[in-house]
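Structure at a glance
This is what each chain is made of:
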Amino acid sequence: MTMPPPLLVFTDLDGTLLSHTSYRWDAATQALDILRDIGAALVIASSKSAPEIIEIRAQLGWTNCPAIIENGAGILPPESTDTPKTETYVRLRRALDSLPANLRDPFRGFGDMTVAQIAQITGLSHSGAANAAERAFSEPGIWSGSAELRSTFIDALHDHDIHAREGGRFLTLSYGRTKADQMAALTDAFAPRHTLALGDAPNDIEMLQAADFGVIVANPHRAPLPPMPGEDTGRITRTTLAGPAGWNTAVLDMIARLNLNEGATKHG
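The present account deals with the structure reproduced in this document.

Reading across the sheet, the five strands line up as β2-β1-β9-β10-β11 and stay open at both edges, with parallel pairing between neighbours. Edge positions in the sheet fall to β2 (41–44) and β11 (236–242), since each of these pairs with one other strand and no more. Averaged over all adjacent pairs, the angle separating strand axes in this sheet is 20 degrees, with direction ignored. Two elements, strand β1 (residues 7–11) and strand β9 (residues 194–199), share five bridges in a ladder whose sense is parallel. Note on β9: the bridge partner recorded for Leu 7 is His 194. On the sheet, helix α8 (residues 179–190) packs against β1, β2 and β9 and is oriented at approximately 160 degrees with respect to β1.

Sheet strands associate in pairs through backbone hydrogen bonding, adopting either a parallel or an antiparallel arrangement. Strand order in the open sheet formed by four strands is β5-β6-β8-β7, with antiparallel pairing between adjacent strands. Of all the strands in the sheet, the pair left with one neighbour each is β5 (107–109) and β7 (163–166). When strand polarity is set aside, the average angle formed by the axes of neighbouring strands in this sheet is 35 degrees. Where strand β6 (residues 139–143) lies against strand β8 (residues 171–174), three bridges are found, and the strand directions are antiparallel. Residue pairing for β8: Glu 139 is matched across the bridge by Leu 173.

Tracing the backbone through its elements, the reader meets Tyr 23 in the loop between β1 and α1 (29–37). Residue classification places Tyr 23 among the buried residues on the basis of a relative accessible area of 13%. Distance from Tyr 23 to Gly 243, taken between C-alpha atoms, is 9.6 Å for residues 220 residues apart in sequence. If we skip the residues at most four places from it in the chain, Tyr 23 touches Asp 14, Leu 18, Lys 48, Thr 122, Gly 123, Leu 124 and Arg 169. From its side chain, Tyr 23 meets the backbone oxygen of Thr 122 in a polar contact 2.4 Å long.

With that settled, consider helix α6 (residues 126–133). The complete set of buried residues in α6 reads Gly 128, Ala 129, Asn 131 and Ala 132. Each buried residue of α6 sits inside an arc of 155 degrees when the element is viewed along its axis, so together they form one side. If you follow the buried residues of α6, they end up packed against α2 (50–60) and α5 (115–122).

Attention now moves to the side chain of Lys 48. Among the structural elements, Lys 48 can be located in the loop between β2 and α2. By relative accessible area, Lys 48 is classed as buried at 6%. Only 3.2 Å separates the side chain of Lys 48 from the side chain of Asp 14, close enough to count as a polar contact. Ignoring sequence-local partners within four residues, the contact set of Lys 48 consists of Leu 13, Asp 14, Leu 18, Tyr 23, Ile 53, Ile 56, Ile 69, Glu 70 and Arg 135.

It is worth spelling out the packing of aromatic side chains at this point. Considering all chains together, one arrives at three aromatic pairs under this definition. Aromatic side chains Phe 107 and Phe 153 sit 5.4 Å apart centroid to centroid with 25 degrees between the ring planes, which places their arrangement in the stacked category. Taken together, the residues span a long stretch of sequence, with Phe 107 in strand β5 and Phe 153 in helix α7 (residues 147–158) at a distance of 46 residues. The class for Phe 153 is buried, based on a relative accessible area of 0%. In this structure, Arg 24 packs its charged tip against the face of Trp 25, placed 4.5 Å from the ring centre.

A word on unusual backbone geometry. Not every positive phi belongs to a glycine, and Asp 161 is a case in point at roughly 65 degrees. Here Asp 161 lies in the loop between α7 and β7. With a phi angle near 55 degrees, Asn 259 is a residue other than glycine that sits in the positive phi range. In this fold, Asn 259 is placed in the segment after α10 (243–257).

Turning next to the environment of Ala 189. Tracing the chain through its elements places Ala 189 in helix α8. Residue classification places Ala 189 among the exposed residues on the basis of a relative accessible area of 63%. Sequence separation between Ala 189 and Gly 246 is 57 residues; the distance between their C-alpha atoms is 28 Å.

What counts, and at which threshold
Residues numbered from 1 in each chain as written. Predicted model: local features only at pLDDT ≥ 70, side-chain atom pairs only at ≥ 80, totals over all residues. Heavy atoms only, no water. Pairing = 2+ DSSP bridges. Helix = DSSP H or I, 4+ residues; strand = E, 2+ residues; numbered from the N terminus. Axes fitted to C-alpha atoms, helices over the stretch in contact; angles between N-to-C directions. Contact = heavy atoms within 4.5 Å. Buried < 20%, exposed > 50% of the residue type's maximum accessible area, 1.4 Å probe, protein only. Polar contact = N/O pair within 3.5 Å; in protein donor to acceptor, adjacent residues only side chain to side chain. Arc of directions from axis to C-beta. Phe/Tyr/Trp six-rings, centres within 6.5 Å; stacked < 30°, edge-to-face > 60°. Lys NZ or Arg CZ within 6 Å of the ring centre and 35° of its normal.

Below, the structure is given as C-alpha cells:
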C-alpha cells in the first residue's frame, strides 16, 4: 500500500472472525466491506498453517496484505501462494520425540494424526485438514494428561527452547515468536494512524495488549479471558455477540469511534 492506512486491523480467525462451529465469516461482511472502503489494512494473525491462510485470505479478498501464520512463528507475504519451506518443523518434532514417554505420550500433535483424524477433531473438510497438517514452524496438538504433568511437559520443552501456547482449540508448540512480535514489525512497516487487534484466546492476549485498541471477542465454547489492563479505560473492550457477529459490531463501533467512516460507502 502506498499510503499509510488509517487503521491496521490484526485479527485472529477461529472463534473471532470465523465462527467456532462453521468456520464462516458471513456475519462480518459489512465491517469487512467498510474496512476496504476506508483504505484500512487487514492482517490475519492465526495459528493456522500457510496453506490454510492462503485459502482463507483469498476468499476474504485481502491478498494484498501480509498474514501472520502458525501463531506468530512466520509471515505470509502479500499475494504469496507458496508454503514456506523450513527445517524448523522437523527440528521441533525431533525435540518433541526425544522427551521421556510419560511426557511425550499425553501430547498428540497434528504430526501424530492422519488427515482424517485432524478432520475429526477440528470439524474441517478433508482438504481443509490436509492444509492444516502442512506445518512449517509449529505443532498444534491436544494434551490428555494431568495439569501437573502438563507443567512438567512445558518445562521440558523449554530446555529445547520450545514454547507452548494455549489457543482457541489446541496447545501449540513453537520456537517462541508470537503474534505480538510479528505485529510490531508490521505496524512499523505500515505506519498506520491506529491499530486494532481482535481475538478470543490466551494466545491473543499479547496482541490485544500491543494494539492501540483491543477487542476480546466472546466465545461461548471456551472460558472467557481474564480481566485485562485497559478494560477500565475502554482501550480494551469485550463483545456481547460471539464470533463474526461480535467482530462485525466491534469493528463498526471502532470505525465510528475514530471517525474513520467519512466517505465510506453505505453497506446494508
